[in-house]
Amino acid sequence: MRKIAFGYSTRCNIRCAHCVAAGEKPASTKMELSQAKKIIREMAAAGVGGISFTAGEPLIYFDDILELIDVCSEKNIYTRVVTNSFWAKTPEIALDHAQQLNESGLCQLRLSYSRWHQEHVPAQNVLNAACAAAKSGIDCFVSFVTDFSKEDDSYEQFLRDNRLKFFPEPVIYSGRAEGFGRKSIFTDFQENRCAMNPYLAPDLTMYACCDAGSHFTATSFFELGNLANSSIEDLFAKSENCPLYNCIRSMGITTIASYAGLKSREIITYRKCELCEKLFNNPANLKMIEKAASGALQYWVR
Ligand code: SF4
Ligand code: SF4
């Protein structure tokens, strides 16, 4: 099933110190509502079965997002909204919002939470949003962005104390978090496969991956094209037929890094998106790996 992260707008009401979306130019862009509806209908025709509303803070445009979810519901598209819960100021306000989202057909809420988000939004809002989602029948979980430092222990404890369903997400050292500096880690020698769901930006540029991919500016490796010049079907097909993207999906980034000559000892110091950046945001490296992806790399399997 085709899935996509839908960037209706890059605008956000807060400014998290780790935000990967920072650094976009222009700073804040937004689609026209009618255009977004048309694109969603075209996506349905192209076989898209899941849309995640993300980018900046989608619920700044609450009424517009309700209308977009409505269109998705008509077309049987699974919907998720990623939000910082700024709107869930009290249990009553949160419930009112969640009920409206439920009525429009929203399937899932993903609540972003971290020590950086919570400098701007009280943790209580996240709790209000999660409780309201549960009461309204919307599936919900907390995305706990962390750099795995001790500073985050009390934030994790809050989630545990309130029995919230949460999943840790490693901070991505892109956008504003680039300034944090990369910390070497030592992981297992894991495959690091990536599903690579595309991301549609408000300026209608489509990228083959939704996290750090739009920041690979030295090579534009993940840029698929723009809907002003290409159809949704063509851009999805481009993503699905690219030999190197398919190697990332099937064999994983670790194997590609090993093939490309990175020492095993070095590979285990990188997180997934950082390893991707090292391999694919360097024109000379990328040229060599792209050539291999159509030939020898495909046979680099056990
Ligand atoms: S991380 Fe999310 S909530 Fe924070 S500034 Fe970026 S888009 Fe906004
Ligand atoms: S691992 Fe690579 S392909 Fe996957 S989200 Fe990160 S940058 Fe994109």
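Please read these numbers as outputs of a predicted model, since none were measured by experiment. (Residues numbered from 1 in each chain as written. Chains lettered and ligands numbered in written order. Predicted model: local features only at pLDDT ≥ 70, side-chain atom pairs only at ≥ 80, totals over all residues.)

### Description of the packing of helix H3 (residues 91–104) against helix H4 (residues 123–136)
Between H3 and H4, the least distance of the axes is 8 Å, while the angle of their chain directions is 45°. Considering the angle they form, H3 stands oblique to H4. Both H3 and H4 take part in a crossing whose hand is right-handed. Listed contacts from H4 to Pro-91, Ala-94, Leu-95, His-97, Ala-98, Gln-99 and Asn-102 of H3 are Asn-128, Ala-129, Cys-131, Ala-132, Ala-133, Lys-135 and Ser-136. A breakdown of the residues in the contact of H3 with H4 according to their chemical character gives 8 nonpolar, 5 polar and 1 charged. (Axes fitted to C-alpha atoms, helices over the stretch in contact; angles between N-to-C directions. Helix = DSSP H or I, 4+ residues; strand = E, 2+ residues; numbered from the N terminus. Parallel < 35°, antiparallel > 145°, perpendicular 65-115°, else oblique. Left-handed = near helix turned anticlockwise from the far one by under 90°. Contact = placed C-beta atoms within 7 Å. Nonpolar A, V, L, I, M, F, W, Y, C, P; charged D, E, K, R; others polar.)

### Let's talk about the site of ligand 1
Near ligand 1, the surroundings consist of Cys-12, Ile-14, Arg-15, Cys-16, Cys-19, Ala-21, Gly-56, Glu-57, Asn-84, Ser-112 and His-117. Across the shell around ligand 1, the residue classes tally to 5 nonpolar, 4 polar and 2 charged. (Near = placed C-beta within 6 Å.)

### Remarks on the sheet that holds strand S9 (residues 223–226)
The mixed open sheet is built from 9 strands, whose spatial order is S6-S5-S4-S3-S2-S1-S7-S8-S9. Of all the strands in the sheet, the pair left with one neighbour each is strand S6 (166–170) and S9. Direction of pairing for strand S3 (residues 78–83) relative to strand S4 (residues 108–113): parallel, over a ladder of 4 bridges. Paired with Val-82 across the two strands is Arg-110, which belongs to S4. (Pairing = 2+ DSSP bridges.)

### Notes on unusual backbone geometry
The residue Asn-76 is not glycine, and still its phi comes out positive at about 60°. Along the chain, the position of Asn-76 falls in the loop between helix H2 (62–74) and S3. Accessibility expressed as a C-beta count within 10 Å gives 9 for Asn-76, which makes it exposed. (Buried ≥ 20, exposed ≤ 12 C-beta atoms within 10 Å, placed from the backbone.)

### Quick word on the domain arrangement of the chain
Where interface size is quoted, it is often the accessible area lost as the parts come together. Splitting the chain by domain gives domain 1 (2–183) and domain 2 (243–299). Each of domain 1 and domain 2 has a C-alpha centre, and these two points are 30 Å apart. (Domains from an automatic or database assignment.)

### Brief notes about the environment of Ser-154
Along the polypeptide, Ser-154 turns up in helix H5 (residues 153–161). Counting along the chain gives 25 residues from Ser-154 to Ala-129, while the straight-line C-alpha distance between them is 20 Å.

### Notes on the environment of Val-145
If you trace the backbone, Val-145 turns up in strand S5 (residues 139–146). For Val-145, a count of 23 C-beta atoms within 10 Å puts it in the buried group. C-alpha separation for the pair Val-145 and Glu-169, spaced 24 residues apart in sequence, amounts to 4.7 Å. Apart from the residues lying within four places of it in its own chain, the contact partners of Val-145 are His-18, Ser-112, Ser-114, Glu-169 and Val-171.

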